[in-house]
Amino acid sequence: MASPWLGQQSLGSEAVAMNNKGFRRGSFQGSTSDEDMVEIAGRALDFSITDDDPPLDREMLGGFSLYNGGGMNGTSQMMDFLEEPLPGVGTYEDFNTIDWVREKSRDRDRHREIASKSKESTWALIHSVSDAFSGWLLMLLIGLLAGSLAGLIDISAHWMTDLKEGLCLSGFWFNHEHCCWNSNETTFEDRDKCPEWESWSQLIIGHGEGAFAYILNYFMYVLWALVFSLLAVLLVRGFAPYACGSGIPEIKTILSGFIIRGYLGKWTLIIKTVTLVLAVSSGLSLGKEGPLVHVACCCGNILCHLFTKYRKNEAKRREVLSAAAAAGVSVAFGAPIGGVLFSLEEVSYYFPLKTLWRSFFAALVAAFTLRSINPFGNSRLVLFYVEFHTPWHLLELVPFILLGIFGGLWGSFFIRSNIAWCRRRKTTKLGKYPVLEVLVVTAITAVLAFPNEYTRMSTSELISELFNDCGLLDFSKLCEYVNDFNSTTGDVLPDRAAGPGVYTAMWQLALALILKVFITIFTFGMKVPSGLFIPSMAVGAIVGRLLGVGMEQLAYYHHDWTIFSGWCSQGADCITPGLYAMVGAAACLGGVTRMTVSLVVIMFELTGGLEYIVPLMAAAMTSKWVADAIGREGIYDAHIRLNGYPFLEAKEEFSHKTLAMDVMRPRRNDPVLTVITQDSMMVEDVEAIINETTYSGYPVVVSRESQRLVGFVLRRDLIISIENARKKQDGIVSTSIIYFTDHSPPLPPSSPSMLKLRSILDLSPFTVTDQTPMEIVVDIFRKLGLRQCLVTHNGKLLGIITKKDVLKHIAQMANQDPDSILFN
Amino acid sequence: MAARARLCSMLALAALVRQVTGVKNFEDVRCKCICPPYKDQPGHIFNKNVSQKDCDCLHVVESMPVSGPDVEAYCLRCECKYEERSSVTIKVTVIIYLSILGLLLLYMVYLTLAEPILKRRLFGHSQLIQSDEDIGDHQPFANAHDVLARSRSRANVLNKVEYAQQRWKLQVQEQRKSVFDRHVVLS
């Protein structure tokens, strides 16, 4: 797919060749893979297409001079046309990394300007106060919007899930539970039956019993599931292709400084919300927590456009996005603190302490908004809230650790198989039929799920039932114990022998487990919004409950064994299978995502108490150790590596002894570094360089002989400035000299007028010497968020290291494929 | 601009929902008492619309299945919970969701079926849409020309809408190419 534009390049031919694996190699000086941008962004620099563009209208021209930290409008130099920054200068291309240092310094300049002006007039004082207050107002709005959308999603998903089974006659908008809410016909045994709710067979043929009715229900279930998933994938494909998948790997990358235009836009928000409900309702084995984080970040990004402070500055915007991610997890689990810790641990890259307090505020507002909408009718935020507080015994730590080991093993198995399947989808013909793939997976899931009641119900309901501690008031199959009423002492329900219902439930749960373990591998990553928190928790909860019931029966029948006799005598309530289910869920979730603190905090916010912190921590730690021993990466990092995003992992140590000169470009056999001189190049020379190479920036030196560094200039800024100068400025022709110095170089008066581009030059690029160890260089890149770093030798410019080179070097040192890094 | 409209509608939705939750329907509160099996009596569930302070076994259970001194023992085992919901919220939310879904589906049908027919009839109405092959042809400097030209204001509203729609379509096309065809992002 080589475009005609690329054919004109003479240098950088490496950039055009693609190797056999289908990965693209960037051009050798570590620039952006511009050929990607040609096709991805449409035109390489068509800013008009992008969603998140800074507004290119007149009002920004005036405002921008404040933010560029320099252009004093009162200077009286001649040819000062370009002191006022142009629209587009200082913004970034799609699929590029931002310059954190520049953004942060811009924000500091802006703040300084406002602070110094605030003493002048009352209006300026009000302006400075409102500027400081704008961050909190933004958090409030994000919390409100995220909470409202989560309420919409919860209520609609709840309703649509039950639509597969029947319809409520007293108001089609009620789901099964709400339809029978006011009914007096519900019995103790059949809490779900009421005359207002009719299943499809009852609606179509009049009665609900018999083989034909069962087949009809089966057929309608599969049909509805297919309809929902078909609508979901068509909407995603037609309106917002970025709305598929979980979203967390991409958000991680965006928060580390990458730009994906449109990923957090309004169409993505609408489509993600609508199709998430459809995907969840279709019975697929996926959850809505990951997509809710994406939805909340979209809200954050959209609301940022209301405030100039955040709209124009990419670094400040990412602070807001971190807080929005916290609000997303908070509404998903009803856990504000867990949400903030999740954002801190998993999603964010730079998390200044000021963001911590604001994230907590946003998460709290979101949780409160959701609670006031009350989607589940009982002031609970999540369906599977746990309310028991029965104590546990130290000896039970052994099965908890076993659950942790299972969680770790399952987590690594899931990550490996899911990545293998996703890679196959990426590279083979399977990826050409996304709609068909979704339909086939839905059909298989629906056909296999209907016969087993534990897979027919939605996964959240399954988890809720598994977490439930069985009391006398429960009548589900799982709670069918043999009740001996004479031995009931007060409120304490002792361990009882399992009735036949429990045994049936056990093998049905085992079948459900097998189905969920395998079908989730194929479901996560499909072209519909899909999360994996709920399926992992379901797998863990099933295993936990099975183990818990097993332990309970073991203790009941063998209460005279030495391990049980001390604490579990006959008639005591010692083993709670619901607790085992909870610990199992935490273990599996930790094994897949490798969350530590945030997982434990989310789980104990779900239970509402600190009693179970020790079992949860034991299981989470064990599962993380076991999973880390098998494979280092969690699911999100594995997906980042699969897609080749330029994500510099902040948690890993770089421990090799290489030096900067081993990594820098140009290497030994490569052509010399392309530089621009500070006052001796003509416009046509610079244009030739830009046309012939694809680098995203060029160092500016005093002269080619001395190679002493002046600064660094970006390609995008150069192009815009030269184009604008040719149009607007008088006398600029192809032979005009471009100069970056303060005063123009002396030239004979007959030469054409000169073009001053000092305003777009970065005068303080980061440099290291060639003998700097790579450990320090990697640390610098990580901590400062650099995009490129110049290498000097004895004070002279020698080469350049970009973030892509660093990532490739790390991959090489870890014996991974260095060509898998696609973006810069 | 469109972002602001979107924000306003979202906030309106939020306000509406919250206002609606303030309205308490008579049917939307209940006291639910679950009484387990007792001696030879099977288990029962009782529902009644009572206020929160009256939510206990004696007020809710109308026809007590046991009599005399057994009543207290029976009632001690029962668990009564006060629940409220907002059926208006549920109704409004589901209807809003279905209308958004319906609008999106209609728009999708319009874009795929109706629009090409209309475009063919109104021949040459807009030259803004560019085919895929043109996309790679532009030089970097020509693109910058486009950027700077955008600061001209467009007087005609219809032109604006048309232009915005074309831009949006191209954007979706690019996204679709990178996600579905080349599998570069979001594998």
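Not measured: the values here are computed from a predicted model.

Engineer: For this particular structure, what's the right way to read helix α4 (residues 87–121) of chain B?
Structural biologist: Two residues of an α-helix separated by three or four positions point the same way, owing to the 3.6 residues in each turn. All names here are of chain B. Taking 1.5 Å as the rise per residue, α4 with 35 residues should run 51 Å; its terminal C-alpha atoms sit 48 Å apart, in good agreement. At Ala114, α4 shows its largest bend, some 45°, and a proline, Pro116, comes one to four positions later. All of the buried residues along α4 are Ser87, Thr89, Ile90, Thr93, Val94, Tyr97, Leu101, Leu104, Met108, Leu111 and Glu115.

Engineer: Would you take a moment to explain the pairing of strand β10 (residues 788–793) of chain A for this structure?
Structural biologist: A regular strand places its side chains on the two faces of the sheet in alternate fashion. Residues and elements named next belong to chain A. Burial within β10 is extensive, with 5 of its 6 residues counted as buried. Bridge analysis of strand β9 (residues 767–769) against β10 gives 3 bridges, and the strand direction is parallel. Directly across from Thr769, in β10, lies its bridge partner Thr792. At this point the chain moves from β9, through helix α30 (residues 774–784), to the parallel β10, and the crossover so formed is right-handed.

Engineer: How should the packing of aromatic side chains be read in this particular structure?
Structural biologist: Aromatic ring pairs are described here by two measures, namely the spacing of the ring centres and the angle between the planes. The tally for this structure, following the rule as stated, stands at 34 aromatic pairs over all chains. Ring geometry for A:Phe258 versus A:Tyr645: centroids 6.3 Å apart, planes at 45°, classification tilted. One end of the pair, A:Phe258, is in the loop between α9 (248–255) and α10 (266–281); the other, A:Tyr645, is in the loop between α26 (635–643) and α27 (660–663), with 387 residues separating them in the sequence. When sorted by exposure, A:Phe258 lands in the same class as A:Tyr645, which is buried. With centroids separated by 6.3 Å and ring planes inclined at 15°, the aromatic side chains of B:Tyr107 and B:Tyr110 adopt a geometry described as stacked. Note that B:Tyr107 and B:Tyr110 are positioned in helix α4 at a spacing of 3 residues, about one turn of the helix. The partly exposed category is assigned to B:Tyr107, whose relative accessible area is 23%. A cation over a ring is seen here: A:Arg237 above B:Phe180, with NZ or CZ 5.9 Å from the ring centre.

Engineer: Quick question: what am I supposed to make of the pattern of salt bridges here?
Structural biologist: Pairing is possible between side chains of opposite charge, provided their charged atoms come close. All names here are of chain A. Taken as a whole and judged by the stated rule, the model has 25 salt bridges over all chains. Among the salt bridges present, the one from Arg102 reaches Asp717, with a minimum N-O distance of 3.7 Å. On the criterion of sequence distance, the pair formed by Arg102 in helix α4 (residues 100–117) and Asp717 in helix α29 (residues 715–728) is long-range, its members being 615 residues apart. Judged by its relative accessible area of 3%, Asp717 is buried. The structure contains a network of salt bridges with shared partners spanning Asp107, Arg110, Asp131, Lys316 and Glu319.

Engineer: Would you mind showing me how to read the state of the cysteines here?
Structural biologist: As used in these notes, a disulfide is a covalent bond between sulfur atoms, one from each of two cysteines. With the rule as written, the count across this model stands at 7 disulfides over all chains. Disulfide partner of A:Cys168: A:Cys179, at an S-S distance of 1.8 Å. Disulfide A:Cys168 to A:Cys179: torsion about the S-S bond roughly 85°, handedness right-handed. With A:Cys168 in strand β1 (residues 166–168) and A:Cys179 in helix α6 (residues 176–179), the pair connects residues that are 11 residues apart, well separated along the chain. Using a relative accessible area of 6% as the deciding quantity, one classes A:Cys179 as buried. Each disulfide pairs two cysteine sulfurs, and for B:Cys33 the partner residue is B:Cys80, the sulfurs being separated by 1.9 Å.

Engineer: Mind showing me how you'd approach the sheet that holds strand β4 (residues 681–682) of chain A here?
Structural biologist: Adjacent strands of a sheet pair through backbone hydrogen bonds, lying either parallel or antiparallel. Residue and element names in this part refer to chain A. Strand order in the open sheet made by the 3 strands is β4-β7-β8, with mixed pairing throughout. Strands at the two margins of the open sheet, each flanked by one partner only, are β4 and β8 (755–756). Of the strand pairs in this sheet, β4 and strand β7 (residues 737–739) are connected by 2 bridges, and their pairing is antiparallel. Across the sheet, residue Met681 finds its bridge partner in β7, namely Ile738.

Engineer: Help me understand the environment of A:Leu546, please; the structure alone is not making it clear to me.
Structural biologist: All names here are of chain A. Looking at the element boundaries, Leu546 is found in helix α21 (residues 533–557). C-alpha separation for the pair Leu546 and Met506, spaced 40 residues apart in sequence, amounts to 6.6 Å. Not counting chain neighbours up to four residues away, the residues in contact with Leu546 comprise Met506 and Leu509.

Engineer: What's the story with unusual backbone geometry in this structure? I'm lost.
Structural biologist: Where the residue is not glycine, phi is negative for most of them; where a peptide bond is considered, it is trans in most cases. Residue and element names in this part refer to chain A. Put simply, Arg665 and Pro666 share a cis peptide bond, and its omega is 0°. In this structure, Arg594 is a non-glycine residue whose phi angle is positive, near 60°. With respect to the secondary-structure elements, Arg594 resides in the loop between α23 (577–593) and α24 (597–607). Judged by its relative accessible area of 7%, Arg594 falls in the buried class. Of note, Asn794 is a non-glycine position whose phi angle comes to about 50°, a positive value.

Engineer: Help me out: how do you make sense of the UniProt feature "domain: CBS" (unreviewed entry) in chain A in this one?
Structural biologist: Residue and element names in this part refer to chain A. Within this structure's numbering, the places UniProt gives as "domain: CBS" (unreviewed entry) are residues 664–728 and 754–820. As annotated, residues 664–728 has a helix share of 37% and a strand share of 23%, and its two end C-alpha atoms lie 39 Å apart. Its end C-alpha atoms 44 Å apart, residues 754–820 is made of 33% helix and 27% strand.

Engineer: Hey, could you run me through a nonpolar patch on the surface in this one?
Structural biologist: Residues and elements named next belong to chain A. Among the surface-exposed residues, Val398, Ile401, Leu402, Ile405, Leu409 and Ile630 lie close enough to one another that they form a single nonpolar patch of about 490 Å² accessible area. Considering each element in turn, the nonpolar patch owes the most residues, 5 residues, to helix α16 (residues 397–427). For Val398, the location among the structural elements is in helix α16.

Engineer: Just to check I follow, could you spell out the nonpolar core for this structure?
Structural biologist: Note on soluble globular proteins: their nonpolar side chains tend to be buried together. Residue and element names in this part refer to chain A. With 203 residues, the main nonpolar core has Leu278, Phe467 and Met537 as its most contacted residues. Here this core takes 14 residues from helix α5 (residues 122–163), the largest share from any one element. What Phe467 contacts, discounting residues up to four positions off in sequence, is Phe384, Val386, Phe388, Met537, Ala541, Arg545, Gly578, Ala581, Met582, Ala585 and Met603. Ranked by size, the runner-up nonpolar core spans 25 residues in total, among them Val686, Ile722, Leu757 and Ile760.

Engineer: Is there a simple way to think about the confidence of the model for chain A in this case?
Structural biologist: As a note on interpretation, predicted positions should not be read in detail where pLDDT is low. Per-residue confidence for chain A gives a mean pLDDT of 83, with 88% of residues at or over 70. Of the regions scoring below 50 in pLDDT, residues 1–82 of chain A engages in 190 contacts with residues more than four places distant in sequence or in other chains.

Engineer: I'm lost on the pairing of strand β1 (residues 29–35) of chain B in this one. Help?
Structural biologist: Residues and elements named next belong to chain B. Most of β1 is tucked away, with 6 of its 7 residues classed as buried. Bridge count for β1 against strand β3 (residues 79–84) is 6 bridges, and the pairing is antiparallel. Within the sheet, the bridge partner assigned to Cys33 lies in β3 and is Cys80. Relative to strand β2 (residues 44–48), β1 runs antiparallel, the two sharing 5 bridges. In the sheet register, Ile34 faces β2, and the bridge partner there is Ile45.

Engineer: Would you mind going over the sheet that holds β9(A) with me for this structure?
Structural biologist: Residues and elements named next belong to chain A. Strand order in this open sheet of 3 strands is β9-β10-β11, and the pairing throughout is mixed. Every other strand in the sheet has two partners, leaving β9 and β11 (796–802) as the edge strands with one partner each. Pairwise comparison of adjacent strand axes, ignoring direction, gives a mean angle of 35° for this sheet. Relative to β11, α30 is tilted by about 65°, and along the sheet it contacts β9, β10 and β11.

Engineer: What's the story with the packing of helix α19 (residues 459–467) of chain A against α21(A) in this structure? I'm lost.
Structural biologist: For any two helices packed against each other, the geometry is given by the interaxial angle and the distance between the axes. Residue and element names in this part refer to chain A. Contact geometry of α19 with α21 gives a least axis separation of 9 Å together with a crossing angle of 30°. Taken together, the axis directions place α19 and α21 in an arrangement best described as roughly parallel. Judged by the sense of rotation from one axis to the other, the crossing of α19 with α21 is left-handed. Counting all contacts with α19, which are made through Thr459, Ser460, Leu462, Ile463, Glu465, Leu466 and Phe467, the residues of α21 involved are Ile534, Met537, Ala538, Ala541, Ile542 and Arg545. Classifying every residue of the contact of α19 with α21 by side-chain character gives 9 nonpolar, 2 polar and 2 charged.

Engineer: Before we go on, may I ask you to explain helix α3 (residues 70–77) of chain B in this structure?
Structural biologist: Residue and element names in this part refer to chain B. Along α3, the residues that are buried comprise Val71, Tyr74 and Cys75. Viewed end-on, α3 has its buried residues packed into an arc of 95°, placing them on one side of the element. Turned more than 90 degrees from where α3 packs its buried face, Glu72 and Leu76 sit exposed.

Calculation notes
- Residues numbered from 1 in each chain as written.
- Chains lettered and ligands numbered in written order.
- Predicted model: local features only at pLDDT ≥ 70, side-chain atom pairs only at ≥ 80, totals over all residues.
- Heavy atoms only, no water.
- Helix = DSSP H or I, 4+ residues; strand = E, 2+ residues; numbered from the N terminus.
- Expected span 1.5 Å × (residues − 1).
- Bend = angle between axes of the 7 residues up to and from the residue.
- Buried < 20%, exposed > 50% of the residue type's maximum accessible area, 1.4 Å probe, protein only.
- Pairing = 2+ DSSP bridges.
- Right-handed = clockwise from strand over helix to strand, strands pointing away.
- Phe/Tyr/Trp six-rings, centres within 6.5 Å; stacked < 30°, edge-to-face > 60°.
- Lys NZ or Arg CZ within 6 Å of the ring centre and 35° of its normal.
- Salt bridge = Lys/Arg side-chain N within 4 Å of Asp/Glu carboxyl O.
- Disulfide = S-S within 2.5 Å.
- Contact = heavy atoms within 4.5 Å.
- UniProt positions renumbered as here; feature names shortened; annotations may be inferred.
- Patch = residues over 30% accessible without salt bridge, like charges linked within 9 Å, V, L, I, M, F, W, Y side chains within 5 Å.
- Areas by Shrake-Rupley, 256 points an atom, 1.4 Å probe, with all protein chains shown as cover.
- Core = buried A, V, L, I, M, F, W, Y, C linked by side-chain atoms within 4.5 Å.
- pLDDT = per-residue confidence, 0-100.
- Axes fitted to C-alpha atoms, helices over the stretch in contact; angles between N-to-C directions.
- Parallel < 35°, antiparallel > 145°, perpendicular 65-115°, else oblique.
- Left-handed = near helix turned anticlockwise from the far one by under 90°.
- Nonpolar A, V, L, I, M, F, W, Y, C, P; charged D, E, K, R; others polar.
- Arc of directions from axis to C-beta.

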